[in-house]
Amino acid sequence: DTQMTQSPSTLSASVGDRVTITCRASQSISNWLAWYQQKPGKAPKLLIYKASNLESGVPSRFSGSESGTEFTLTISSLQPDDFATYYCQQYNSYPWTFGQGTKVEIK
Amino acid sequence: QVQLVQSGSELKKPGASVKVSCKASGYTFTRYSMAWVRQAPGQGLEWMGWINTNLGNPTYAQGFTGRFVFSLDTSVSTAHLQISSLQAEDNAVYYCARVLPGYGLDVWGQGTTVTVSS
């Protein structure tokens, strides 16, 4: 199975900050990586697919990038609505696997 | 609009069974596979597996074989998750999610909370 190691587990930031979350795959997954946002009591929401493609309707302050087996989610200017938990997921091979999640908290 | 609506919360005794439903609307049900994801209290997302809604064949992740069954009722565009011999470790929110090839899981149900308690 492909392991996804996500960091940090918690991140404290202020409105307007630039935020970066990293996900590393244990083996090559090409660019078959998605990022999801989850708010308390709600279902996850797809933000980015194929490592760097923004899902329709997602604000442009969200972006994704890749370098080999390391993937990054960046929020260019954190907004109040962005305080949530973020998960990466590889869908290159079964079983699809998720990172452990990164909780973005208010500083 | 594309939507997945899941059945309501369940409270079950240890050893009982539960069946969670996931009704799809707004698209052709058999064109996209359906995945199931578990989230234990305070924990992350865990891939349970998926079912091909066209062929009806399920694929289970390790740890979700034996007591877990994915099924379909294509006549009403609904996927089901049945869990038998419920244990305390099955306490979780269970999500269904549409598999969009190349995209991942693009639409999610609202989640169904299963509570196992005597």
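The structure presented is a predicted model; accordingly, all values stated were derived computationally and were not measured. (Residues numbered from 1 in each chain as written. Chains lettered and ligands numbered in written order. Predicted model: local features only at pLDDT ≥ 70, side-chain atom pairs only at ≥ 80, totals over all residues. Heavy atoms only, no water.)

(A) Spatial organisation of the packing of aromatic side chains. In total, this model carries 15 aromatic pairs over all chains according to the counting rule given. Centroid distance Tyr36 of chain A to Phe98 of chain A: 6.2 Å. Interplanar angle 55 degrees. Geometry classified as tilted. A residue pair is termed long-range when its members are at least 10 positions apart, and Tyr36 of chain A in strand E4 (residues 33-38) and Phe98 of chain A in strand E10 (residues 97-98) qualify at 62 residues. Phe98 of chain A matches Tyr36 of chain A in its accessibility class, with the two residues each being buried. Centre to centre, the rings of Trp36 of chain B and Phe70 of chain B are 6.5 Å apart; their planes meet at 20 degrees, and the pair counts as stacked. Of this pair, Trp36 of chain B sits in strand E4 (residues 34-39) while Phe70 of chain B sits in strand E7 (residues 68-73), and the two are 34 residues apart along the sequence. Each of the two residues, Trp36 of chain B as well as Phe70 of chain B, counts as buried. Grouped by ring-pair contacts, the aromatic residues Trp32, Tyr91, Tyr94 and Trp96 of chain A together with Trp47 and Trp50 of chain B constitute a single cluster. Lying across the ring of Tyr27 of chain B, Arg98 of chain B places its NZ or CZ 4.6 Å from the centre. (Phe/Tyr/Trp six-rings, centres within 6.5 Å; stacked < 30°, edge-to-face > 60°. Helix = DSSP H or I, 4+ residues; strand = E, 2+ residues; numbered from the N terminus. Buried < 20%, exposed > 50% of the residue type's maximum accessible area, 1.4 Å probe, protein only. Lys NZ or Arg CZ within 6 Å of the ring centre and 35° of its normal.)

(B) Geometry of the state of the cysteines. Residue and element names in this part refer to chain A. Tallying each qualifying case throughout the model produces two disulfides over all chains. Each sulfur in the disulfide pair Cys23 and Cys88 lies 1.8 Å from the other. On the S-S bond that ties Cys23 to Cys88, the torsion sits near 40 degrees, and the link is right-handed. Taken as a pair, Cys23 in strand E3 (residues 19-25) and Cys88 in strand E9 (residues 85-90) lie far apart in primary sequence, 65 residues in all. (Disulfide = S-S within 2.5 Å.)

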